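# Working through the structure, step by step
Each chain, letter by letter, is given below.
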Amino acid sequence: MSVALFTHPSALAHDTWPEHPERAERIRAVLRALEAPEFSGLLRETAPQATIAQLTAVHDPDYVDAILAMPKDRITAIDDDTAFGPGTLEAALHAAGGACAAVDAVFEGWADAAFVVMRPPGHHAEPDRAMGFCFFNNAAIAALHARARWGITRVAVADFDVHHGNGTQQIFSNDPALFYASSHQSGCFPGTGQGSEHGIANNVVNVPLQPGTTGEAFRAAWETQLIPRLTAFAPELLIISAGFDAHAADPMAQLRLREADFAWVTSALLGMADACCPGRVVSLLEGGYDLNALAQSVAAHVRALMRL
Ligand SMILES: [Zn+2]
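Residues numbered from 1 in each chain as written. Predicted model: local features only at pLDDT ≥ 70, side-chain atom pairs only at ≥ 80, totals over all residues. Heavy atoms only, no water.

## Concerning a negative patch on the surface
Cut-off, in case you're wondering: Each patch is assembled from residues with relative accessible area greater than 30% and no salt bridge, linking like charges that lie within 9 Å and nonpolar side chains (Val, Leu, Ile, Met, Phe, Trp, Tyr) that lie within 5 Å. Values of accessible area rely on a 1.4 Å probe in the Shrake-Rupley scheme; residue burial ignores everything except the protein chains shown. The rule for a salt bridge is simple: a side-chain nitrogen of Lys or Arg has to be within 4 Å of a carboxyl oxygen of Asp or Glu. Only four residue types enter the charge count: Lys and Arg as positive, Asp and Glu as negative, with His and the chain ends excluded. Lys charges are placed at NZ, Arg charges at CZ, Asp charges at CG and Glu charges at CD. Counting from the N terminus, the helices are DSSP H or I runs at least four residues long and the strands are E runs at least two residues long.
Judged by side-chain charge, Asp60, Asp62, Asp65 and Asp128 come together as a negatively charged surface patch. Note on placement: Asp60 falls in the loop between helix H2 (52-56) and helix H3 (61-68).

As structure tokens, then:
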């Protein structure tokens, strides 16, 4: 299967504080892993900048203006976790724009699926608030871009990052034609994502997992709870918020997944998408903070996307 890989050098120039886990080395590690010969078939593309219209389809215009006007001569603390530095705006614009270009790739049909290797991540960003390392909600921006550009209505996000995508859920929960499905560690940042959160039209499904959960229970959650709901929703496009911080080696949380579990969930989601939206899948890098585990997990994810 032809898979497009979108990235941009600005992802390396978004400087966070020293010792910050969300760092440029993450992108370097991922891209190095994807240099292996087995990935030579990837269609390597440059992620463009998002337009203001793409951003304001999701975010409040005043919030977008405030981000555009942030100081670019120093690192500013948005909160205890989230740093805006001189290169942040350009990286955030290319991360959101790469997500939109990935949507275009699968609808234009020259790629069967697409993966966006950019940072900052997006799933914590709310319409009017940056948080949790995130500034623009790349998954939601891609979803609303797909609607505006390609005339579809029903878009689903599947999020297996170890943290709950509070921003994506907030944006999706009031629109019955958007669907958000997440597995994440119970009690972790940001604290949302209870099983009781259902959205306006039962269009949100959360499966919190206890610390220590292994791949077996993770796979069961997707197989019996999350994928059946995604299948019933029948999206015209599936977006994956692909975070790899549920890996056993990741320092941010205590789930016990391995590379094979990320390959499994990717293949399971592709199988669902094959049935609903002829395989149109756009995957966006979210978290993952142990560099080796991240690189190997991304390799497993992309191998599955390529159906190798
Ligand atoms: Zn995360």
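## Focus on the pattern of salt bridges
What counts here: Only protein chains enter the calculation, and the probe is 1.4 Å; a residue is then buried if its accessible area is under 20% of its type maximum, exposed if over 50%, and partly exposed in between.
Overall, the coordinates contain 9 salt bridges when judged by the stated rule. Of the charged contacts, one joins Glu22 and Arg119 as a salt bridge, the two residues approaching to 2.6 Å between their closest N and O atoms. In this pair, Glu22 sits in the loop between strand E1 (3-7) and helix H1 (24-33) while Arg119 sits in the loop between strand E5 (113-116) and helix H5 (138-150), placing the two residues 97 residues apart along the sequence. There is no split in this pair, since Glu22 and Arg119 are both buried. The partner of Arg307 in a salt bridge is Asp274, and the shortest N-O contact between them spans 2.8 Å. Residue Arg307 is located in the segment after helix H9 (291-305), and its partner Asp274 is located in helix H8 (residues 259-276); the two are separated by 33 residues in the primary sequence. Residue class for Asp274 comes out partly exposed when judged on its relative accessible area of 38%. Salt bridges here are not isolated pairs; linked through shared partners, they connect Glu22, Arg26 and Arg119.

## So, the coordination of the zinc ion
For clarity, the cut-off: Think of the donor list as every N, O and S atom within 2.8 Å of the metal, or within 3.2 Å for Na, K and Ca; water never makes the list, so a site can look incomplete. Geometry assignment treats four donors as tetrahedral when all angles are between 85 and 135 degrees, treats four as square planar and six as octahedral when opposite donors are over 155 degrees apart and all others between 65 and 115, and treats everything else as irregular.
With distances of 2.0 to 2.8 Å, the protein atoms coordinating the zinc ion are Asp161 (OD), Asp161 (OD), His163 (ND1) and Asp245 (OD). The site at the zinc ion holds 4 donor atoms, and with the angles between them running 52 to 154°, its shape is irregular. Mapping the donors of the zinc ion onto the primary sequence yields the spacing D-x1-H-x81-D. Across the pair, His163 and Asp161 agree in class, each one buried.

## Brief notes about the packing of aromatic side chains
Selection rule: In this scheme Phe, Tyr and Trp rings, the latter by its six-membered ring, pair at centre separations within 6.5 Å, and the angle between planes marks the pair as stacked below 30 degrees, edge-to-face above 60, and tilted otherwise. We count a charge as sitting over a ring when the NZ of a lysine or the CZ of an arginine lies within 6 Å of the ring centre and within 35 degrees of the ring normal.
Overall, the coordinates contain 9 aromatic pairs when judged by the stated rule. Residues Phe133 and Tyr289 carry aromatic rings whose centres are separated by 5.8 Å and whose planes lie at 80° to one another, so their mutual orientation is edge-to-face. Taken together, the positions of Phe133 in the loop between E5 and H5 and Tyr289 in the loop between strand E10 (281-285) and H9 put the pair 156 residues apart, joining distant regions of the chain. Given a relative accessible area of 10%, Phe133 falls into the buried group. By way of ring pairs, the aromatic residues Phe160, Phe244 and Phe262 are connected into one cluster. A cation over a ring is seen here: Arg149 above Trp150, with NZ or CZ 4.2 Å from the ring centre. Directly above the ring of Phe233 sits Arg154, whose terminal nitrogen or CZ lies 4.1 Å from the centroid.

## Focus on the packing of H1 against H9
To keep things clear, this is the line we draw: Here an angle of 0 to 180 degrees is reported between the N-to-C directions of two axes, which are lines fitted to C-alpha atoms, with helices fitted over the stretch in contact. Every angle not falling under 35 degrees, over 145, or within 65 to 115 is termed oblique; those three ranges are roughly parallel, roughly antiparallel and roughly perpendicular. Handedness of a crossing follows from how the near helix is turned relative to the far one, being left-handed for an anticlockwise turn of less than a right angle and right-handed for a clockwise one. Residue contacts are counted whenever heavy atoms from the two residues lie within 4.5 Å of one another. Ten residue types, Ala, Val, Leu, Ile, Met, Phe, Trp, Tyr, Cys and Pro, are classed as nonpolar, four, Asp, Glu, Lys and Arg, as charged, and the remainder, Gly among them, as polar.
Two numbers describe how H1 lies on H9: the axes approach to 8 Å, and their chain directions differ by 40°. Here H9 runs oblique to H1, going by the angle between their axes. Regarding H1 and H9, the two cross each other, and that crossing is right-handed. Two secondary-structure elements touch here, H1 through Glu25, Arg26, Ala29, Val30 and Ala33 and H9 through Leu291, Leu294, Ala295 and Val298. Considering only residue class, the contact of H1 with H9 consists of 7 nonpolar, no polar and 2 charged.

Function cannot be read off these values alone, since they describe shape.
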